[in-house]
Amino acid sequence: TALTEHFLATYVETNYAEAEWAYMTGLLESSKNAIANAPVKADVEAAYEAAVEAFAAVPTKDVVAANIDTWKMEAKTEIMMYKDKTLYREAEQATIQSIIDATKESVNAATSWIAIQTAMTNAKAQMDALWTAEKWDAAEMAVVIAKQDLMTYKSQADYEAAEWTK
C-alpha cells in the first residue's frame, strides 16, 4: 500500500529504539486496517494523513537521548496538574495521589519516549474513570429519590387486607 511504501522509504529501524520501532510498526498495521476499512475516500485520506503525522511524531534514538530528561520532568508536572483534587472526595483524592505517585515512578524508570507516553495515557485513563464529589452527590441523591418514590408508590390503603404484604 501507499502507506507501507511511505513508511519503508522514510523510516529506518536502526534510527529508533526498540520500543519506538515496535510502536511504529504497530501503528503501521493499525493504520493499514483503518485505511482498508474506511468507507469513503475522504476517510482513507484522513487515516493516511493521521498515520503519516503519527509516524513523524515518534522521536529517533538521538532525539530521545537528548530530550528524555526534559520529557520526564514535563510528564511528572503534567500528571500532578491533570486533576484538581479538591473536586473529589477523600477516597478519590487518595486514589489520584496513588496514581500520580505510581506514574512518577514509571516515568522516572522510563528509557523510551513510548514508555513515558504509555504511563501518561494509562494514568489519565485511570483518573478520568474516577467520580468527582459532584457526581457522587448526584448519584446518592438519585438513590434517595428512588427510595422515596418506591416508598410512596403504593400504600396499604391501595390494597385489600389480604393482599397487603411487606
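Please read all numbers here as calculations on a predicted model, not as lab measurements.

Caption draft 1: Structural view of the side chain of Ser 112. Along the chain, the position of Ser 112 falls in the loop between α5 (90–109) and α6 (113–128). Assessed through its relative accessible area of 6%, Ser 112 is described here as buried. In this structure the side chain of Ser 112 is engaged in a polar contact, spanning 3.1 Å, whose partner is the backbone nitrogen of Ala 115.

Caption draft 2: How the structure looks around the side chain of Glu 92. With respect to the helices and strands, Glu 92 occurs in helix α5. Among buried charged residues, Glu 92 stands out as having no salt bridge; its nearest opposite-charge side chain is Arg 89, 5.7 Å away. For Glu 92, the residues in contact, after removing those within four places along its chain, are Leu 130, Trp 131 and Trp 136.

Caption draft 3: Quick peek at helix α4 (residues 61–81). Its 21 residues give α4 an end-to-end C-alpha distance of 29 Å, which sits within 8% of 30 Å, the value for a rise of 1.5 Å per residue. At Asn 67, α4 is bent by approximately 60°, the largest bend along its length. Those residues of α4 lying buried are Val 64, Ile 68, Trp 71, Lys 72, Ala 75 and Ile 79. Lining the buried residues of α4 we find α2 (18–36), α5 and α6.

Caption draft 4: Structural detail: the packing of α5 against α6. Running from N to C, α5 and α6 point in directions that differ by 175°, and their axes come no closer than 10 Å. The angle between the axes of α5 and α6 places the two elements in the roughly antiparallel class. Of the residues in α6, those touching α5 at Ile 96, Ile 99, Ile 100, Thr 103, Ser 106 and Val 107 are Ala 119, Met 120, Ala 123, Gln 126 and Met 127. Considered class by class, the residues forming the contact of α5 with α6 number eight nonpolar, three polar and no charged.

Caption draft 5: Main features of helix α1 (residues 2–10). Within the sequence span of α1, burial applies to Leu 3, Thr 4 and Phe 7. Axial view of α1: buried residues confined to an arc of 100°, hence all on one face. Exposed side chains of α1 directed beyond 90 degrees from the buried face belong to Glu 5 and Ala 9.

Conventions and cut-offs
- Residues numbered from 1 in each chain as written.
- Predicted model: local features only at pLDDT ≥ 70, side-chain atom pairs only at ≥ 80, totals over all residues.
- Heavy atoms only, no water.
- Helix = DSSP H or I, 4+ residues; strand = E, 2+ residues; numbered from the N terminus.
- Buried < 20%, exposed > 50% of the residue type's maximum accessible area, 1.4 Å probe, protein only.
- Polar contact = N/O pair within 3.5 Å; in protein donor to acceptor, adjacent residues only side chain to side chain.
- Lys, Arg positive; Asp, Glu negative; His and termini not counted.
- Salt bridge = Lys/Arg side-chain N within 4 Å of Asp/Glu carboxyl O.
- Contact = heavy atoms within 4.5 Å.
- Expected span 1.5 Å × (residues − 1).
- Bend = angle between axes of the 7 residues up to and from the residue.
- Axes fitted to C-alpha atoms, helices over the stretch in contact; angles between N-to-C directions.
- Parallel < 35°, antiparallel > 145°, perpendicular 65-115°, else oblique.
- Nonpolar A, V, L, I, M, F, W, Y, C, P; charged D, E, K, R; others polar.
- Arc of directions from axis to C-beta.

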